[in-house]
Amino acid sequence: MKRTEREEIKKDGAKAVKNSGRGIRKGDAMRNKFLIDYKHCEKSHTVSLANWRKLAKDAWNEHYKHPVFCLVLGKDSERKLAVVEWSVFLELVEGSDYE
């Protein structure tokens, strides 16, 4: 069963952005230092420089947050992937079990 954006936000422990995309505040949700934009895609989603720049600008304007695309892939929301800047990835890995 495909989960809704609201269900994804709740499951992730994030805080939904009211009127996201239509109001002054952008992005779908916030969690810690991240502004999250959920993309539900049955098969694929294209991340372009243009849509990344827009999300990065929105995140910066939201009190210097880091942009994250959450790609929810599959007909039944079977996979979730996070797209973050490489520098943020390196910070997350440093000092963790993945190092």
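In this text, all values refer to a predicted model and were calculated from it rather than measured experimentally. (Residues numbered from 1 in each chain as written. Predicted model: local features only at pLDDT ≥ 70, side-chain atom pairs only at ≥ 80, totals over all residues. Heavy atoms only, no water.)

A. Inspection of helix α2 (residues 49-61) at higher detail. Over its 13 residues, α2 extends 18 Å from the first C-alpha to the last, a length consistent with the 18 Å expected when each residue adds 1.5 Å. Along α2, the positions that sit buried rather than exposed are Trp52, Leu55, Asp58 and Ala59. For α2, the angular spread of buried residues about the axis comes to 130°, placing them on one side. Those residues of α2 that are exposed and aimed more than 90 degrees away from the buried face are Leu49, Ala50, Arg53, Lys54, Lys57, Trp60 and Asn61. (Helix = DSSP H or I, 4+ residues; strand = E, 2+ residues; numbered from the N terminus. Expected span 1.5 Å × (residues − 1). Buried < 20%, exposed > 50% of the residue type's maximum accessible area, 1.4 Å probe, protein only. Arc of directions from axis to C-beta.)

B. Layout of a nonpolar patch on the surface. There is a patch of nonpolar side chains on the surface, built from Trp86, Phe89 and Leu90 and spanning about 340 Å² of accessible area. Assignment of secondary structure puts Leu90 in helix α3 (residues 86-93). (Patch = residues over 30% accessible without salt bridge, like charges linked within 9 Å, V, L, I, M, F, W, Y side chains within 5 Å. Areas by Shrake-Rupley, 256 points an atom, 1.4 Å probe, with all protein chains shown as cover. Salt bridge = Lys/Arg side-chain N within 4 Å of Asp/Glu carboxyl O.)

C. Fine view of the packing of aromatic side chains. If you walk through the whole model with that rule in mind, you get three aromatic pairs. Consider the rings of Trp86 and Phe89, whose centres lie 4.8 Å apart with planes at 35°: the pair is tilted. Here Trp86 pairs with Phe89, and both are found in helix α3, just three residues apart, close to one helical turn. Judged by its relative accessible area of 34%, Phe89 falls in the partly exposed class. (Phe/Tyr/Trp six-rings, centres within 6.5 Å; stacked < 30°, edge-to-face > 60°.)

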